[in-house]
Amino acid sequence: MPVGGRSGGCGPLRANAAKAMNADLMEHVQQLSASCKLARPGDIADLAGLLEQCDTLRQLAEMQRVEAVARPAEALGEHLKRMIMGETGDEQAAMQVLSDSVSILQAALSRDELPRPEAFPALLQVGHWSADGGNGAAAVEAEAPWNDGVLLPSAGAPAEEPSGGEEGAFAADAELLGEYLTEQRGRLEEIEGYLLALERAADEAALGDLRRALHTIKGDSGFLGLSEVAQISHAAESYLEAASYPYEMEQLFAVKDWLARAIEDLASSARLTPATQSSLRQVLKRLGASPDGEPSSAPASAPSSAPSSAAGTAPAPPHPAAAPAAPAAAQAPAAAAAAKASTAPAPAAAKPPARKPAPVARAHKQRDAVFQLTADESLLADFISESKEHLDMASAQLLALESEPANEEAINCVFRAFHTVKGIAGFLNLEEVQELAHDTENLLDQVRRSELELTPPVIDLVFEALDLLTRLIGNVRKGLESDGVAQSEPGLEGLLERVNGAAQGRMAALAPKGERPQRLGEILVESGAVERSVVERTVAEVARSDPAKKLGEALVEKALVTPGQVHAALRQQASRGPSARKAVELKETLRVDYERLENLINTIGELVLAEAMISQDENLLQVHSELLDKKLYNLRQVSRKLQELGTTIRMVPISGTFQKMARLVRDLSRKSNKPIDFVSHGDETELDRAYVDLIADPLVHMIRNAVDHGIEPPAERRQRGKPEAGRIELRAFHEGGNIHVDVRDDGGGLDVERIFAKAVEKELVAPEDRDKMSEQDIFQIIFLPGFSTAAQVTEVSGRGVGMDVVRRNISELRGQVQISSQRHAGTSFHIILPLTLALIDGMLVRVGEERFIFPVLSVVESTRPSREMINTVVGKGEMVNLRGRQLPLYRLNRLFGVPGAKENVTDALVVVVENGGRQVGIVVDELVGIQQTVIKNLGSGLFNTKGLSGGSIMADGTVGLIVDVAGLISIARGGAVGVVSEAIN
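(A) Representation of the overall build of the protein within the structure. Assigned secondary structure in the protein consists of 31 helices and 20 strands. Expressed as a percentage of its 985 residues, the buried residues of the protein come to 49%. Here the contacts in the protein between residues at least 6 apart in sequence split such that 70% fall between residues at least 24 apart. As presented, the protein carries roughly 46,100 Å² of accessible surface, and 52% of it is formed by carbon and sulfur atoms.

Laid out in C-alpha cells, this is it:
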C-alpha cells in the first residue's frame, strides 16, 4: 500500500510522516525568520546569507513536493537577488516585503496549514499553485506523502487524532509558556500605557515603544507556535507601519484587549477558548487585515491616495471570505503577473543536502564601540537584576551538564535562561545582548532536539557566551549608572561566528577579533570627504614631523578637507561618546514567593508582640537596672525597625491601578459621547500590595459615577462657560501615616434636593427628616444600597449598586470615604486608608476588664465630659454637647454587654469617632494609650461579627478587640447586642 494512499491502516503512518516534514519545514522557516530580524537592509553579506537560507528551504520543500512552500521560497530568493543587485529601490520597503512574507509562511505552518498564493505581497510575485498545494496529479502518487494541500491529513483521510491536537492548544515546554505569559502580562500593561499616550498626542517615543512591544510579542509567540497571537501582533505592527497619525485607536485597543484575553486563556488552560478564536477574525477585519494578518486595504486613518503599506507595496489581496473582490480594473495587473508567473518553467529539483542544514553563519559586522541606552531606566534596571538570576542559574546547570550531558532538565533550564534574556533584551533595544543570546539559544535548541552532541567544546562555547553576556549586561549597568552610554565588547563578532559555526558542525576555534572606537579619519573616509590613502599618508607624516598635531588640523592645513567637514566628523564622533546624564542608582532585586513573604511579615508581628510582652512584664518593671533598661530599649528599637521593614516590603506603586482607570475613562468617554480629560498625580505612591486589587473596584464605581452623573454633556458645559471636555482627576499621596486617594471631577456637582427627593421616593428617608439632615448627611444617602438618581439604567450606571460597593469595600479596608461637592463646580471623593492591612495604629481603651482598640484613623478626639455637656433628647437618647454640636452618645459596655464598667459618664471618657461623615461619642472607662498592633482574625466562628474587625494580642497576653466603627454605629442605632456580647463573654 503506498504511503500516500487512503485505505487500510496507513492513516497514522501518513500523519506521522506529515508531522515530521512539517516540523522540518517549520524549523527552517523559523531560522529564516530569526535571520530576517537581524539582517540589515543594504548589507550584502546579510542578504547573501538570507539567500542561501531561502535556497535551502526551497530545496527541502521541492524534495518533499510541497509547492506551496517551494514557490514562495523561490520567489523570496529572486527578491533577495534583486535586493543584492540594488534593483528594488527602497531598501527598507524591500526588507519589509521579505519579513512579511516569511511571517506569512511561519503563521501558516504553525497552524499545520499551507499558505495561499494571494496571502503574499504582490511585489513578491509568488505566482499560483494547484489547490492541493502539491504538483497536480503527480502529487497523488505513492511517493508523494502530502497530497491534500495541508500538512496534516485532511478530513477525508482516516488519520488518528494526534495527542494534544485540540484546536488552539499549546504543546510546548510548560515552564517556557509560564515565563512567556508572565512577560506578556507586563508587556500588555505597557502597551495600554503607550496607546493612552498616543491617543493624547503624536508621541513618537510611545509609538516606537508600541511597535517594539508588538514586534517582541510577535517574535516570542511565533517561536512558541502561538500562531494566532503572532498573527494579530503582526497585523497591528503592519497597521502602524501603513497608517499615519491620528490612528484608529479603537482598533488598536481592540488588539490589546484580544491579546489580554488570549494570555488569560493560555494561563488557565494552555489553549485559546473558542470564543477568543472566533473573535480573532473580527479584530483583524477591524484592523484592516486579512485572516492571515496582512493588510487587506488601506487603513481607515490613511488618505485614500496613500499607499497601503509603509513599505510602498500593494497589499495582499484579501481572502475571498474576508473582503469583497477588487474591481476588474484593479485585478488586471495582478492577473497578468500571476499568469506570467504560472507559465514560467518550474526550477529543476536540486539534490537535497545529506544532513539537515544548520543556520547560516552571520557575516562579520562593523559595530560601534559604544551605544546609547534608549529604553526606560526602570525597565533596564529590572532587566539587569533579573538577567543576573537567569545567567547564574544557567551557569550552575552547565556545570551539572559537564558531568551529566544527558540531563534534559538542565539543558532546558539553560535554554530557557538564554531565551528569556533574548526576549527582554530585544524589547529594550539591547541588540548585542539579543544577538548573542539568540544565537546561543539556537545552538542549545539543536542540543535539545538531539541534532547536536553536547561535547566539552560545545559546553565551553556556551560558557564563553555566558561570560560575554555577563560583561555586556555589566556594561549596560555601568552606562545606566553614569551617562547612559554603554560599551560594546570587542570579542562579540568572533564569538558569534564560532557559535554559528558550532551550530553548523564546525567547532574549529576562531581567533577573537578585537574592535575599537571609530576614529576621525575613518569617519572622514566613510563620508567621502577624503580618500583612505590620503589619510594614511597624512597620519604617517604627522607621526614623523609633529606627533602632537591632530589629524583634522593637519588635513585642513593641507586643504585636503574643509573645516566644516572636520567639524561634522568630530560631532559624529562625539555623538557616539559619553554624554552628560544624571546617574541612575541601581538596586539589586530578588523575586520571592508571596507566601514566604507573608510568613515573614507574620513572624515579624509575633516578634513585636513578644517584645511588648517582655518589656511590659510586671516582674521586669519592678527591676530597677539601667543596663536592663538599655537592653530592653535596644530590643524595642530593633523590633520597631523590623516592623517598619515588613510594612515597606509589602508596598507597591499604585501606577498600575491608575493606568487601568485611565483606560476606563477613555472607554466610558466614548460610550457616553462625553469628551473627558483624565489626569493622575502621585502614580509613584506606594500602598500595601493587598490594596492593589481591592482599591480598584471602588475606584471603578466612583469613576463610572463621575462620567454618568457628574460630567455634563458638551452642550450643557458650553452653556455654563466650561470647557467642552470634562476633567477627571485621580490623585494619591501619603499624609499622617495614611494613604489618601482623591477622585475629582469638574462636573455638575451633587444636587442635594434631588438626592433627598429620590431617597424619599425610594422610602429610604421620611420627608420630615429634611430639616434634621445636614448636607453631609444627604451626601451619605448615595452610599445606600439600591440608591440611584439615574432616570434609566444604562451600561454605565443606574442600578444603584455602585456606590454601595464603594462604601462597603472601603470599610473592609478599615478606611473612610469623604465627599465634598459644589453645585455646577464638581465633586470630590476623598478616600483615607491605613498604610497597611497587616498593622493598625490604634487607640487602646479599657471598659471594665476588657480592652478595645479604635483605629486612630476613625478617632476625632477624646474628652472627659462635664455634667452640663450631657443631656437626654426624647426619641434620641443621650447626647453630648461638644462646642455647640449635639452628638449621639453610646456606652460601649451596654453595646457589647461588658460588666463592671463605669456608669457615671463624668467619671468616664468620651471618644468621638467618625464614619462616613457621621460623628458619635463612645463612653469608655479609661484611655490606655496609642500603639501599633498586629491584626489577627477572630476565627471562623466570629469572622463576621458586627462591630468588630479583628483582634490583637496585648503585652500581658490578653486579647484586645479591634472595633469596626461603621459596624459599631450600626448596632448602636439598631440596638443589636446579641452575638457581640457572647463573643466577649
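(B) The arrangement of the packing of aromatic side chains in detail. Applying the stated criterion to the full structure yields three aromatic pairs. Summarising the aromatic geometry, the rings of Tyr245 and Tyr247 are spaced 5.9 Å apart at their centres and angled 85° between planes, so their arrangement reads as edge-to-face. Every member of this aromatic cluster is reached through a ring pair, and the members are Tyr239, Tyr245 and Tyr247. The positively charged end of Arg770 is found above the aromatic ring belonging to Phe756, 5.8 Å away from the centroid.

(C) Quick peek at helix 26 (residues 752-761). Those residues of helix 26 that fall on the buried side of the exposure criterion are Val752, Ile755, Phe756, Lys758 and Ala759. Down the axis of helix 26, the buried set is contained in an arc of 160°. They therefore lie on one face. Residues of helix 26 that are buried sit in contact with helix 27 (775-779). Sitting at the amino-terminal end of helix 26 is Asp751, which places a side-chain oxygen 3.3 Å from the backbone nitrogen of Glu753. One or two positions beyond helix 26, positive phi appears at Glu763, with a value near 60°.

(D) Fine view of helix 8 (residues 249-269). If you check helix 8, its first and last C-alpha atoms are 30 Å apart, about what 21 residues at 1.5 Å a residue would give, namely 30 Å. Ala270 lies just past helix 8 and shows a positive phi near 60°.

(E) Representation of the packing of helix 2 (residues 44-63) against helix 3 (residues 67-84) within the structure. Look at helix 2 against helix 3: their axes get within 8 Å of each other, and the N-to-C directions meet at 160°. When the axis of helix 2 is compared with that of helix 3, the two are roughly antiparallel. In this structure, helix 2 crosses over helix 3, and the sense of that crossing is left-handed. Facing helix 2, whose interface residues are Ile44, Leu47, Ala48, Leu50, Leu51, Cys54, Leu57, Arg58, Ala61 and Glu62, helix 3 presents Val69, Ala70, Ala73, Glu74, Leu76, Gly77, Leu80, Lys81, Met83 and Ile84. Tallied by class, the residues present in the contact of helix 2 with helix 3 amount to 15 nonpolar, one polar and four charged.

(F) Looking closely at the sheet that holds strand 10 (residues 839-847). Within the open sheet, the five strands sit side by side as 18-10-11-20-19. Their pairing is mixed. At either margin of the open sheet sits one strand with a lone partner, and together these are strand 18 (926-934) and strand 19 (948-953). Averaged over all pairs of adjacent strands, the angle between their axes in this sheet comes to 35°, without regard to strand direction. Pairing geometry for strand 10 and strand 18, over eight bridges, is antiparallel. When the bridges of strand 18 are listed, Ile840 appears paired with Thr933.

(G) Just a nonpolar patch on the surface, in detail. A cluster of nonpolar residues, Leu600, Leu645 and Ile649, forms a patch on the protein surface that exposes about 240 Å² of accessible area. Structurally, Leu600 is set in helix 20 (residues 594-615).

(H) Just the environment of Lys218, in detail. Positionally, Lys218 belongs in helix 6 (residues 204-224). Considering only alpha carbons, one finds Lys218 and Glu228, 10 residues apart in sequence, at a separation of 9.6 Å. For Lys218, the residues in contact, after removing those within four places along its chain, are Ser103, Ala230, Ser233, His234 and Glu237.

(I) Summary view of the pairing of strand 10. Counting buried positions along strand 10 gives seven out of nine residues, so the element sits mostly inside the fold. Bridge count for strand 10 against strand 11 (residues 850-855) is six bridges, and the pairing is antiparallel. When the sheet's bridge partners are listed, Val845 is paired in strand 11 with Phe852.

(J) Geometry of the state of the cysteines. Enumeration over the complete set of coordinates arrives at zero disulfides. Here Cys36 stays free of any disulfide, with the sulfur of Cys54 as its closest cysteine sulfur at 6.8 Å.

(K) Region of interest: the sheet that holds strand 14 (residues 877-882). A sheet is described by the order of its strands in space; here six strands give the open sequence 12-16-17-15-14-13, paired in mixed fashion. The open sheet has two edge strands with one neighbour each: strand 12 (859-863) and strand 13 (870-873). Taking the axes of each pair of neighbouring strands and ignoring which way they run, one obtains an average angle of 35° across the sheet.

(L) Representation of the side chain of Thr657 within the structure. By the secondary structure assignment, Thr657 is in helix 23 (residues 655-672). Classification of Thr657 as buried rests on a relative accessible area of 5%.

(M) Focus on the pattern of salt bridges. This structure, assessed with the given rule, holds 45 salt bridges. Its salt-bridge partner being Arg666, residue Glu199 comes within 2.9 Å of it at the nearest N-O pair. Here Arg666 lies in helix 23 and Glu199 lies in helix 5 (residues 174-200), a separation of 467 residues in the sequence. For Arg666, a relative accessible area of 5% translates into the label buried. Among the ionic pairs, Asp667 bridges to Arg663, the shortest N-O distance being 3.1 Å. Residue Asp667 and its partner Arg663 are located together in helix 23, separated by four residues, close to a single helical turn. By relative accessible area, Arg663 is classed as buried at 8%.

(N) Local environment of the packing of helix 11 (residues 377-403) against helix 14 (residues 456-481). In the contact formed by helix 11 and helix 14, the axes pass within 10 Å of each other and the chain directions differ by 160°. With respect to helix 14, the axis of helix 11 lies roughly antiparallel. Relative to helix 14, the crossing made by helix 11 is left-handed. Considering only residue class, the contact of helix 11 with helix 14 consists of 17 nonpolar, three polar and four charged.

(O) Layout of the side chain of Glu228. On the secondary structure map, Glu228 appears in helix 7 (residues 227-242). Given the relative accessible area of 16%, Glu228 is considered buried. Not counting residues within four places of it along the chain, the set of residues in contact with Glu228 comprises Trp258, Leu272, Gln277 and Leu280.

(P) Region of the structure containing the confidence of the model for the protein. With 77% of its residues at a pLDDT of at least 70, the protein reaches an overall mean of 74. Mean pLDDT in the protein bottoms out at helix 10 (residues 328-343), which sits at 34, and peaks at helix 25 (residues 714-719), which reaches 92. Low pLDDT, under 50, characterises residues 131-172; the stretch is placed with 89 contacts to residues that sit more than four places away or in other chains. Counted against residues more than four places away or in other chains, residues 975-985, with its pLDDT under 50, gives 21 contacts.

(Q) Just the environment of His390, in detail. By the element assignment, His390 lies in helix 11. Assessed through its relative accessible area of 10%, His390 is described here as buried. Each C-alpha atom, one on His390 and one on Cys413, is 9.1 Å from the other, the two residues being 23 residues apart in sequence.

The rules behind each value
Residues numbered from 1 in each chain as written. Predicted model: local features only at pLDDT ≥ 70, side-chain atom pairs only at ≥ 80, totals over all residues. Heavy atoms only, no water. Helix = DSSP H or I, 4+ residues; strand = E, 2+ residues; numbered from the N terminus. Buried < 20%, exposed > 50% of the residue type's maximum accessible area, 1.4 Å probe, protein only. Contact = heavy atoms within 4.5 Å. Areas by Shrake-Rupley, 256 points an atom, 1.4 Å probe, with all protein chains shown as cover. Phe/Tyr/Trp six-rings, centres within 6.5 Å; stacked < 30°, edge-to-face > 60°. Lys NZ or Arg CZ within 6 Å of the ring centre and 35° of its normal. Arc of directions from axis to C-beta. Polar contact = N/O pair within 3.5 Å; in protein donor to acceptor, adjacent residues only side chain to side chain. Expected span 1.5 Å × (residues − 1). Axes fitted to C-alpha atoms, helices over the stretch in contact; angles between N-to-C directions. Parallel < 35°, antiparallel > 145°, perpendicular 65-115°, else oblique. Left-handed = near helix turned anticlockwise from the far one by under 90°. Nonpolar A, V, L, I, M, F, W, Y, C, P; charged D, E, K, R; others polar. Pairing = 2+ DSSP bridges. Patch = residues over 30% accessible without salt bridge, like charges linked within 9 Å, V, L, I, M, F, W, Y side chains within 5 Å. Salt bridge = Lys/Arg side-chain N within 4 Å of Asp/Glu carboxyl O. Disulfide = S-S within 2.5 Å. pLDDT = per-residue confidence, 0-100.

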